[in-house]
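Reading the structure
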Amino acid sequence: MEDQHEQEGLPIPSIFLNTDTGAPLDKCIDCEYPVLEGDRFYMIEKVFKTYSQLRTTEVLFEYAICSVCYEKMKDAMSQESMQNLSAYMMQNTDFTKLQERIEEKPDDPEHWLSHCLIKGTHKEEMKEYQMGACFKGDRLVTNFMPPFMIGELAMEEMNELLSKETKDEMDGFMGEHFGIPPELRKDLILI
């Protein structure tokens, strides 16, 4: 019998699996590091768009990024953007509501992600939102950062806080990895 203390965290929630295959995202989008086998922490981020007339939600893009590449990406953000985003998150994030959702269903990360971390809007009421979480191997880890979901209103506000330098950097990342030109990037924030 396996000792439960050997593997910290929960299994990768289905919402963070590859949308096309149902398998875990297994490589860093930037350096192709094998995130499932390796010893690095990594982030998975997904962006969703809801089409209410079609009654469907589509994943616009998804990726895993290892901690080394994530830190490089963060370091490429301007000091101004980092300070602005940090202040915004500290002033606007409702950690109490998130903690309540975690306590209600401690083994159900998808329940934790039912509302925007900043505005409190329910996922069903949003046209666009993005989710992210931290992982190590095949486990969701929460000791650095809880899984998050941010809706379009918060994304728009956060986008306004970014310097031109940081927006250009994000445009380059989106163009390189997803073929999305800057004029279509809109308010997506790489967190």
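Please refer to the structure placed before this passage.
So, here's what we can say about the structure. Note that the coordinates shown come from a computational prediction; the quantities given were computed from them, not determined experimentally.

So, about the pattern of salt bridges. Within this structure, the stated rule accounts for 5 salt bridges. When the shortest N-O distance is used, the salt bridge between Lys 46 and Glu 62 registers 3.0 Å. Note that Lys 46 is positioned in strand S2 (residues 41-51) and Glu 62 in strand S3 (residues 56-66), a separation of 16 residues in sequence. We classify Glu 62 as buried; its relative accessible area is 15%. For the salt bridge of Lys 119 with Glu 157, the shortest nitrogen-to-oxygen distance reads 2.8 Å. With Lys 119 in the loop between helix H4 (109-112) and strand S4 (128-136) and Glu 157 in helix H5 (residues 152-160), this pair connects stretches of sequence that are 38 residues apart.

Phi angles above zero are rare outside glycine, and Glu 32 is one such case at about 65 degrees. With respect to the helices, strands and loops of the structure, Glu 32 is situated in the loop between strand S1 (10-11) and S2. Despite not being glycine, Arg 55 shows a phi value in the positive range, around 55 degrees. Relative to the assigned elements, Arg 55 resides in the loop between S2 and S3.

Right, let's get into the pairing of S4. Within S4, 8 of the 9 residues are buried, leaving the element largely enclosed by the surrounding structure. With 4 bridges joining them, S4 and strand S6 (residues 148-151) adopt antiparallel strand pairing. Residue Met 131 lies in a different strand from S6, and its bridge partner there is Met 149. Alignment of S4 against strand S5 (residues 139-141), held across 3 bridges, turns out to be antiparallel. Across the sheet, the residue bridging to Lys 136 is Arg 139, located in S5. Hairpin connection of S4 to S5: 2 residues between the antiparallel strands, including Gly 137 at a positive phi of 60 degrees.

Reading guide: rules and limits
- Each chain carries its own residue numbering, running from 1 in the written order of its sequence.
- The predicted origin of the model limits local features to residues at a pLDDT of at least 70 and limits the giving and counting of side-chain atom pairs to 80 or more, whereas totals for whole chains, interfaces and linings rest on all residues.
- Side-chain measures were taken over the full set of non-hydrogen atoms in the model, leaving aside hydrogen atoms and water.
- For this analysis, a salt bridge means a side-chain nitrogen from Lys or Arg found within 4 Å of a carboxyl oxygen belonging to Asp or Glu.
- Only runs of H or I of at least four residues qualify as helices and only runs of E of at least two qualify as strands under DSSP, and these elements are numbered from the N terminus.
- When accessible area is computed with a 1.4 Å probe and restricted to protein chains, residues below 20% of their type maximum are described as buried, those above 50% as exposed, and intermediate ones as partly exposed.
- In this scheme, strands are said to pair when DSSP sees at least two bridges between them.

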